[in-house]
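Structural overview for review
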Amino acid sequence: MITSLVFNPGSNSLKIALVECKKDQRVASLGRKIVNISIDDIGKEPRMIVTTDNKEEEEEEDSSKKPSSWTIKKKVEASDMKQAVRASLDYLRGGDSPVRDIIPSRLSFIGVRIVHGGSQYTEPTRVTDQIYKDIQDLEDLAPLHNRSSLSVLDALKTDMPDVPVFAAFDTAFHHTLPERAWRYAIDRDTADKHGVRKYGFHGLSHRYMLEQYAYSVGKNPEDINII
């Protein structure tokens, strides 16, 4: 089995999943989500919601008042994205966590969603210092989201330095667009100098839907067209 911890940062939210996959599985949906975590309103009044094995368990601030339902909702200290990452890791590694024996010793890798990979990143890539710098350089094209992803990478480098981290780019799915589709009708030199072109977004979701549909009808994703 391959066990991965996946981070999906938004501008002021963070979603995390601990996923167990078989080495030969063809589509993402066949993986088993062991734990889901979401933290919303980061920097305001953040609360963490935890779902374990597709059931939700609620934990009140006073554990003596813990209800019998499966929903966990608790306040966390998360003034920024780094603190949100650390709050989630603290929970996952804590004494009450059902997966404390998995993180980090049994993790195969960590995945982080990156909204913008420019035109150069067309597949998931292991994060190095150079990759980090490239993501930083692309921040102008997605200032809210790439900045959040960089904060996640910063926290992981400090808290889990021995686990390989891979960046998955939303823009990668659209890299096969022909030039006539991605180029705008403006001065070519200006467009090339400033990176003004159509990149495409939400590519990870599009890829997921394409793979899932192809799997359900018994075809390869390369043989499917969806509108």
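Since we're looking at a predicted model, the values are computed, not measured. (Residues numbered from 1 in each chain as written. Predicted model: local features only at pLDDT ≥ 70, side-chain atom pairs only at ≥ 80, totals over all residues. Heavy atoms only, no water.)

1. Considerations on the packing of helix α1 (residues 81–93) against helix α3 (residues 143–159)
Applicable threshold: Here the axes come from fitting lines to C-alpha atoms, over the contacting stretch only for helices, and the angles between their N-to-C directions go from 0 to 180 degrees. Labels follow the DSSP assignment, with helices taken as runs of H or I lasting at least four residues and strands as runs of E lasting at least two, numbered in each case from the N terminus. Note that the term roughly parallel is reserved for angles under 35 degrees, roughly antiparallel for angles over 145, roughly perpendicular for angles of 65 to 115, and oblique for everything else. Working rule for handedness: look at the near helix, and if it is turned counterclockwise from the far one by less than a right angle, call the crossing left-handed; if clockwise, right-handed. Should any heavy atoms of two residues lie within 4.5 Å, those residues are counted as being in contact.
In the contact formed by α1 and α3, the axes pass within 8 Å of each other and the chain directions differ by 45°. In terms of axis orientation, α1 runs oblique to α3. The crossing of α1 and α3 is right-handed. When α1 is examined against α3, the residues M81, K82, V85, R86, L89 and R93 are found in contact with a partner set consisting of S148, S151, V152, D154, A155, L156, T158 and D159.

2. Things to note about the side chain of E139
Tracing the backbone shows E139 in the loop between α2 (129–137) and α3. Non-local contacts of E139, meaning those with residues more than four positions away in its chain, are made with N146, R147 and L150.

3. Observations regarding α3
For clarity, the cut-off: Helices are assigned an expected span. That span is 1.5 Å times one less than the residue count. Each residue is assigned to one of three classes by its accessible area relative to the maximum for its type, calculated with a 1.4 Å probe on protein chains only: buried under 20%, partly exposed between the two thresholds, exposed over 50%.
Across its 17 residues, α3 extends 24 Å between first and last C-alpha, which sits within 8% of the 24 Å expected from 1.5 Å per residue. Within α3 the residues assigned to the buried category are N146, S148, S149, L150, S151, V152, L153, A155 and L156. Where α3 is buried, its residues touch β1 (2–9), β2 (14–21), α1, β7 (109–114), α2 and β9 (165–169).

4. A look at unusual backbone geometry
Cis geometry is found at the peptide bond from I103 to P104, where omega equals 0°. Within the secondary structure, P104 is located in the loop between α1 and β7. Backbone geometry places D41, a non-glycine residue, at a positive phi of 55°. Mapped onto the elements, D41 comes out in the loop between β3 (32–40) and β4 (47–52). The exposure class assigned to D41 is partly exposed, which follows from its relative accessible area of 39%. Here the phi dihedral of H202 falls at roughly 55°; this positive angle occurs in a residue that is not glycine. Here H202 lies in the loop between α5 (188–194) and α6 (203–216).

5. Quick word on the pairing of β7
This is how it is decided: Strand pairing follows a simple DSSP-based rule, namely that at least 2 bridges must link the two strands.
Burial analysis of β7 places five of its six residues in the buried class, the great majority of the element. As judged from the four bridges shared by β1 and β7, these two strands associate in the parallel manner. Considered in β7, the bridge of L5 is made with I110. Summarising the sheet, β7 and β9 pair through five bridges and their orientation is parallel. Paired with V112 across the two strands is A167, which belongs to β9.

6. Digging into the environment of L150
Structurally, L150 can be placed in helix α3. A residue is classified by how much of its surface remains accessible, and L150, at 5% relative accessible area, is buried. Sequence-distant contacts of L150, defined by excluding residues within four places in its chain, comprise Y132, I135, Q136 and E139.

7. Some words on the layout of surface pockets
Short version of the rule: Whether a set of points on the 1 Å grid over the protein atoms alone is a cavity depends on a 1.4 Å probe fitting there but being unable to get out, while an open set qualifies as a pocket with protein on both sides within 12 Å along at least five of seven lines; lining residues are those with an atom within 4 Å of a point. Grid points are joined across faces, edges and corners, and a volume is the space filled by probe spheres set on the points. Think of it as three bins: nonpolar holds Ala, Val, Leu, Ile, Met, Phe, Trp, Tyr, Cys and Pro, charged holds Asp, Glu, Lys and Arg, and polar takes everything else, Gly as well.
The calculated volume of the largest pocket comes to roughly 1,700 Å³. In terms of lining residues, the largest pocket is bounded by 45 residues, among which V6, A28, A168, L204 and Y208 are the most central. When contributions to the lining of the largest pocket are tallied by element, the ones reaching two or more residues are β1, β2, β3, β7, β9 and α6. By residue class, the composition of the lining of the largest pocket is 21 nonpolar, 14 polar and ten charged.

8. Here we look at the nonpolar core
In summary, soluble globular proteins display a tendency toward joint burial of nonpolar side chains. Convention followed: We call a set of buried residues a nonpolar core when its members are Ala, Val, Leu, Ile, Met, Phe, Trp, Tyr or Cys and they connect through side-chain atoms within 4.5 Å of each other.
Core analysis: the largest hydrophobic core is formed by 43 residues, its most contacted members being L5, F7, I110 and L156. When near neighbours in sequence (up to four residues on either side) are disregarded, F7 contacts L14, K15, I16, V85, S88, L89, I110, G111, V112, R113, V152 and L156.

9. Let's talk about the environment of K75
One can find K75 in strand β6 (residues 72–75). What makes K75 exposed here is its relative accessible area of 56%. Sequence spacing of K75 and G117 is 42 residues, and the spatial spacing of their C-alpha atoms is 33 Å.

10. A closer look at the packing of aromatic side chains
For clarity, the threshold we go by: Stacked, edge-to-face and tilted labels apply to pairs of Phe, Tyr and Trp rings (six-membered ring for Trp) whose centres lie within 6.5 Å, assigned for plane angles under 30 degrees, over 60, and everything in between, in that order.
Inspection of the entire model under this criterion finds two aromatic pairs. A centroid spacing of 5.8 Å and a plane angle of 80° characterise the contact between F109 and F166, whose relative ring orientation is edge-to-face. Here the residue F109 occupies a position in strand β7, and F166 occupies one in strand β9, the gap between them amounting to 57 residues. Arranged with centres 4.9 Å apart and planes meeting at 15°, the rings of Y121 and F169 form a pair that is stacked. Here Y121, found in the loop between β7 and β8 (125–126), pairs with F169, found in strand β9; they are 48 residues apart in sequence, far enough to count as distant.

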